[in-house]
Amino acid sequence: MLKAIQQTADWISQHTTMRPHTAIVLGTGLGRLSEEIEVVDAFPYNEIPNFPVSTVEGHSGRLIFGRLGGKDVMALQGRFHFYEGYDMKQVTFPVRVMHQLGIKNLFVSNAAGGMNPDFEIGDLMLITDHINFMPEHPLHGPNFPTGPRFPDMHEAYDHAFLDMARQIASEKGIRTVEGVYLATQGPTYETPAEYKMYRIFGADAVGMSTVPEVIVARHCGIRVFGISIITDLGVEGKIVEVSHEEVQRAADAVQPLMADIFREMVRRIG
Ligand code: HPA
């Protein structure tokens, strides 16, 4: 595994001269931000040695290097989900490679179902914390030398980044909400009883990704910032049928606002 990470990182650094400190993971239907990146180099996942290949609709699967907000960034357009059949080592492999490439900051995005009764479809939720409800832990097995055996998670989502995002949203007049993201394995959306249970657990939104990547990033000492786009509601009385297409449509509508926040954060980070 360590060898594969090193090999992949070496291949990438031989194919681009860019050395960004910030990486962005673009979730379901959120690949549009890549259009705002002045792309310098882009590598389809199937060309990168050892990279898994993304299969879900709406993920075109490229690693992009370019400029956003006047700064160098790399972006994963399309992620690897546990429900696709990948194991957690594969799901988090790109984060390990990006760490090897020198990433210090990781911005993550996803589509999620909102369970907080104050949320509306199309809200941007700044992720303040998470609940790992995935069936397999990404750090299961011998410890990686990137961090301790028992990593601290008291500030998985960097407080300074959250403050920066609040400030930017208020300056730009973008409505944001905040909350706890709970990750399930999917691929089913929730039953009303499950939404209710996750709400009782203390979650504000539920989705099928992100938490494994964030755990590995924190184990690597990478600072994390995350946004969930609320694409449907798991609130009693407001639950209707959910489809992947509707999730995409709702995500599509607000991704320019998320892009605004990400771009401005990248610009402000030293
Ligand atoms: N549940 C799980 N994952 C999701 C949802 C949801 O309601 N919406 C978008 N991704």
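Structure: see above.
Here is a short report on the structure shown in this document. Values in this document were obtained by computation on a predicted structure and should not be read as measured data.

Summed over the entire model, instances satisfying the criterion amount to 14 aromatic pairs. Between Phe 80 and Tyr 86, the aromatic rings sit 5.4 Å apart at their centres with planes inclined by 80°, giving edge-to-face as the arrangement. A residue is classified by how much of its surface remains accessible, and Tyr 86, at 12% relative accessible area, is buried. Among the aromatic side chains, those forming a connected cluster through ring pairs are Tyr 45, Phe 51, Phe 80, Tyr 86 and Phe 93.

Surrounding the ligand, one finds Ala 111, Ala 112, Gly 113, Tyr 189, Glu 190, Tyr 195, Val 206, Gly 207, Met 208, Thr 231, Asp 232 and Val 247. Between Ala 111 and the ligand, the recorded distance is 3.3 Å, taken from a backbone N or O atom to a nitrogen atom. Within the side chain of Tyr 195, an N or O atom sits 2.8 Å from an oxygen atom of the ligand. Protein coverage of the free-state accessible area of the ligand, which is 260 Å², stands at 96%. Going through the elements one at a time, strand S5 (105–114), strand S8 (205–207) and strand S9 (223–233) are the ones with two or more residues in the shell around the ligand.

Attention now moves to unusual backbone geometry. A cis amide bond, omega 0°, links Gly 186 with the succeeding residue Pro 187. Relative to the elements of secondary structure, Pro 187 occurs in the loop between strand S7 (176–183) and helix H6 (192–201). A positive phi angle, near 70°, is found at Asn 50, a position not held by glycine. If you trace the backbone, Asn 50 turns up in the loop between strand S2 (38–44) and strand S3 (62–68).

Let us now look at the pattern of salt bridges. Taken as a whole, this structure holds 12 salt bridges when the rule is applied. The closest approach of N and O atoms between Arg 199 and Asp 204, which form a salt bridge, is 2.9 Å. Through salt bridges with shared partners, a single ionic network connects Glu 171, Glu 264, Arg 267 and Arg 268.

Relative orientation of the contacting elements helix H1 (residues 2–15) and helix H4 (residues 93–100) amounts to 60°, with a least axis distance of 9 Å. When the interaxial angle is binned, H1 and H4 end up oblique. H1 and H4 meet at a crossing whose hand is right-handed. Of the residues in H4, those in contact with Ala 4, Ile 5, Gln 6, Thr 8, Ala 9 and Ile 12 of H1 are Phe 93, Arg 96, Val 97 and Gln 100. Of the residues in the contact of H1 with H4, the class split is 6 nonpolar, 3 polar and 1 charged.

Cut-off values and rules
- Residues numbered from 1 in each chain as written.
- Predicted model: local features only at pLDDT ≥ 70, side-chain atom pairs only at ≥ 80, totals over all residues.
- Heavy atoms only, no water.
- Phe/Tyr/Trp six-rings, centres within 6.5 Å; stacked < 30°, edge-to-face > 60°.
- Buried < 20%, exposed > 50% of the residue type's maximum accessible area, 1.4 Å probe, protein only.
- Near = heavy atom within 4 Å.
- Polar contact = N/O pair within 3.5 Å; in protein donor to acceptor, adjacent residues only side chain to side chain.
- Areas by Shrake-Rupley, 256 points an atom, 1.4 Å probe, with all protein chains shown as cover.
- Helix = DSSP H or I, 4+ residues; strand = E, 2+ residues; numbered from the N terminus.
- Salt bridge = Lys/Arg side-chain N within 4 Å of Asp/Glu carboxyl O.
- Axes fitted to C-alpha atoms, helices over the stretch in contact; angles between N-to-C directions.
- Parallel < 35°, antiparallel > 145°, perpendicular 65-115°, else oblique.
- Left-handed = near helix turned anticlockwise from the far one by under 90°.
- Contact = heavy atoms within 4.5 Å.
- Nonpolar A, V, L, I, M, F, W, Y, C, P; charged D, E, K, R; others polar.

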